[in-house]
Amino acid sequence: MEIKGIHHVSAITANAKENLHFYTAILGMRLVKKTVNQDAPSMYHLFYADEKGNPGTDLTFFEIPRAGQTYQGTNSISVTSLRVPNDQALDYWKSRFEEMNVSHGEIKEQAGRMTLSFTDFEAQRLVLVSDENNEGVKAGTPWHQSPVPKEFGITGLGPSRLTVGNIAGTASLLTETFGFRKKGQYPSDETGKPDILVFETGEGGSGAEIHLEERTDLPSERPGRGSVHHIALRVDNEEELLQWINRLNQNGIMNSSFVDRFYFRSVYLKDPNNITIELATDGPGFDSDEPLESLGESLALPPFLENRREEIERRLKPL
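What you are looking at is a predicted structure, and each value in this text was computed from that prediction instead of being measured.

What counts and what doesn't
Residues numbered from 1 in each chain as written. Predicted model: local features only at pLDDT ≥ 70, side-chain atom pairs only at ≥ 80, totals over all residues. Heavy atoms only, no water. Helix = DSSP H or I, 4+ residues; strand = E, 2+ residues; numbered from the N terminus. Rg over C-alpha atoms; globule rule 2.2 N^0.38 Å. Contact = heavy atoms within 4.5 Å. Areas by Shrake-Rupley, 256 points an atom, 1.4 Å probe, with all protein chains shown as cover. Lys, Arg positive; Asp, Glu negative; His and termini not counted. Charge placed at Lys NZ, Arg CZ, Asp CG, Glu CD. Pairing = 2+ DSSP bridges. Axes fitted to C-alpha atoms, helices over the stretch in contact; angles between N-to-C directions. Buried < 20%, exposed > 50% of the residue type's maximum accessible area, 1.4 Å probe, protein only. Phe/Tyr/Trp six-rings, centres within 6.5 Å; stacked < 30°, edge-to-face > 60°. Polar contact = N/O pair within 3.5 Å; in protein donor to acceptor, adjacent residues only side chain to side chain.

Caption draft 1: Molecular detail of the overall build of the protein chain. Scanning the protein chain from N- to C-terminus turns up 5 helices and 16 strands. Taking 20 Å as the expected radius of gyration for a compact globule of 319 residues, we find that the protein chain reaches 19 Å, a close match to that expectation. C-alpha extents for the protein chain along the principal axes are approximately 55 × 55 × 35 Å. Long-range pairs, those at least 24 residues apart, make up 68% of the contacts in the protein chain between residues at least 6 apart in sequence. For the protein chain, the exposed area adds up to about 13,900 Å²; of that, 46% sits on carbon and sulfur atoms. A gap of 4 Å separates the mean positions of the 33 positive and 47 negative side-chain charges of the protein chain.

Shown next, in the form of structure tokens:
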């Protein structure tokens, strides 16, 4: 039983059509699954990833058209990072962002890697992180039809930053329950604030890190468009997932119990700072109901929603 790294990150958008444009036409990621929120099928759930939708490369979005503004604060997944092959790629992306009027910061070193922060059209907080000197969890493969040259393309998810009001509880969950290791720390962007702690799991590296930031000077975040809903961590298979559920129960950690998401199997829980964390299996995968070459081209529904297809399609706005 070992958490392998980050599986996916799921965020909120108020505009699926603009979201699709930003993550495919600007970031060059592949839409590998166009489906619906299985718990609320009147809304889109869009999955962007590498060429095959490999675990560890998925950034997903629930569309909530009436989602309000996010008021940033603690008890949140405050930064999502995306991996690129090397430092040279960051120079390419900085120029691309300037050409396309994407708000961005400067290229700088952070936690031993070069990074470039930016936001999407809804102020989703994102960072490109270079794999120049990275070791550990293998990166994915950029989509061959991407508008971004393959040598600079996004290859998967890097570290997620969790901003919390009480760091001890989340750190304990990561290390004592999930088996993460404390790797190090680096200075906060905010003067006078505590260092940000780095925890890693599995093979380590950018695709297997969570960064914890403690901020006692901020209120709890009020999520809306441009916020992150949850982070999912990689579990090898269904057998291991059941063992993890047993461990959660033995440790008195409330959870959703087993959930079949069709493309993977999951369990959901809350950390001590009320952040939603999912454990998700690596398979069966996104090509279980669509050919690899046409992933994301049509609306995919899990079998238990297929008999409602006509009703669901009628409610969704075409993208």
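There's plenty left to go through after this.
Caption draft 2: Up close: the sheet that holds strand S2 (residues 30-37). Strand order across the open sheet formed by 8 strands is S2-S3-S4-S1-S13-S16-S15-S14, with mixed pairing between neighbours. If you trace the sheet from one side to the other, it starts and ends with S2 and strand S14 (259-260), each paired once. Bridging between strand S1 (residues 6-13) and strand S4 (residues 58-63) involves 6 bridges; their strand directions are parallel. Residue pairing across strands places Ser10 opposite Thr60, the latter belonging to S4. Docked against the sheet, helix H1 (residues 16-26) engages S1, S2, strand S3 (40-49) and S4, running at close to 10° with respect to S3.

Caption draft 3: How the structure looks around the pairing of strand S15 (residues 264-270). Here S15 lies mainly inside the structure; 6 of its 7 residues are buried. Pairing analysis gives 2 bridges linking S14 to S15, with the strands arranged antiparallel. When the bridges of S15 are listed, Asp260 appears paired with Arg265. Taking the residues between adjacent antiparallel strands as the criterion, S14 and S15 are bridged by 3 residues, where Phe262 takes a positive phi near 70°. Note: S15 against strand S16 (residues 276-284), 6 bridges, orientation antiparallel. Among the inter-strand pairings, Leu269 is bridged to a residue of S16, identified as Ile277. Connecting S15 to the next strand, S16, in antiparallel fashion are 5 residues, including Asn274 with a positive phi near 70°.

Caption draft 4: The arrangement of the sheet that holds strand S8 (residues 125-130) in detail. Spatial ordering of the open sheet is given by S6-S7-S8-S5-S9-S12-S11-S10, a layout of 8 strands whose pairing is mixed. With one partner strand each, in any of the chains shown, strand S6 (104-110) and strand S10 (181-186) form the two edges of the open sheet. With strand direction ignored, the average angle separating the axes of adjacent strands in the sheet is 25°. Across 5 bridges, S10 lies against strand S11 (residues 196-200) in antiparallel orientation. Directly across from Gly184, in S11, lies its bridge partner Val198. Sheet strands in contact with helix H2 (residues 87-99) are strand S5 (76-84), S6, strand S7 (113-119) and S8, and its direction is about 20° off that of S7.

Caption draft 5: Spatial organisation of unusual backbone geometry. In this model, Gly283 is joined to Pro284 through a cis peptide bond whose omega is 5°. Tracing the backbone through its elements, the reader meets Pro284 in strand S16. The phi dihedral of Ala123 is positive, around 70°, even though this residue is not glycine. Summarising the element assignment, Ala123 is placed in the loop between S7 and S8. The class of Ala123 is partly exposed, set by a relative accessible area of 39%. Positive phi is not limited to glycine here, since Phe262 has a value of about 70°. Along the chain, Phe262 turns up in the loop between S14 and S15.

Caption draft 6: Structural view of the packing of aromatic side chains. Taken as a whole and judged by the stated rule, the model has 13 aromatic pairs. Ring geometry for Tyr92 versus Phe152: centroids 4.8 Å apart, planes at 20°, classification stacked. On the criterion of sequence distance, the pair formed by Tyr92 in helix H2 and Phe152 in the loop between S8 and strand S9 (156-164) is long-range, its members being 60 residues apart. For the pair shown, Tyr92 and Phe152 are each scored as buried. Here the aromatic residues Phe22, Tyr23, Tyr48, Phe61 and Phe121 are joined through ring pairs into a cluster of three or more.

Caption draft 7: Quick look at the environment of Asp189. Note on placement: Asp189 falls in the loop between S10 and S11. Taking the C-alpha atoms as reference, Asp189 lies 20 Å from Thr70; in sequence the two are 119 residues apart. The residues contacting Asp189, other than those within four sequence positions of it, are Lys108, Gln110 and Arg161. Reaching out from Asp189, the side chain makes a polar contact with the side chain of Lys108 at a distance of 3.1 Å.

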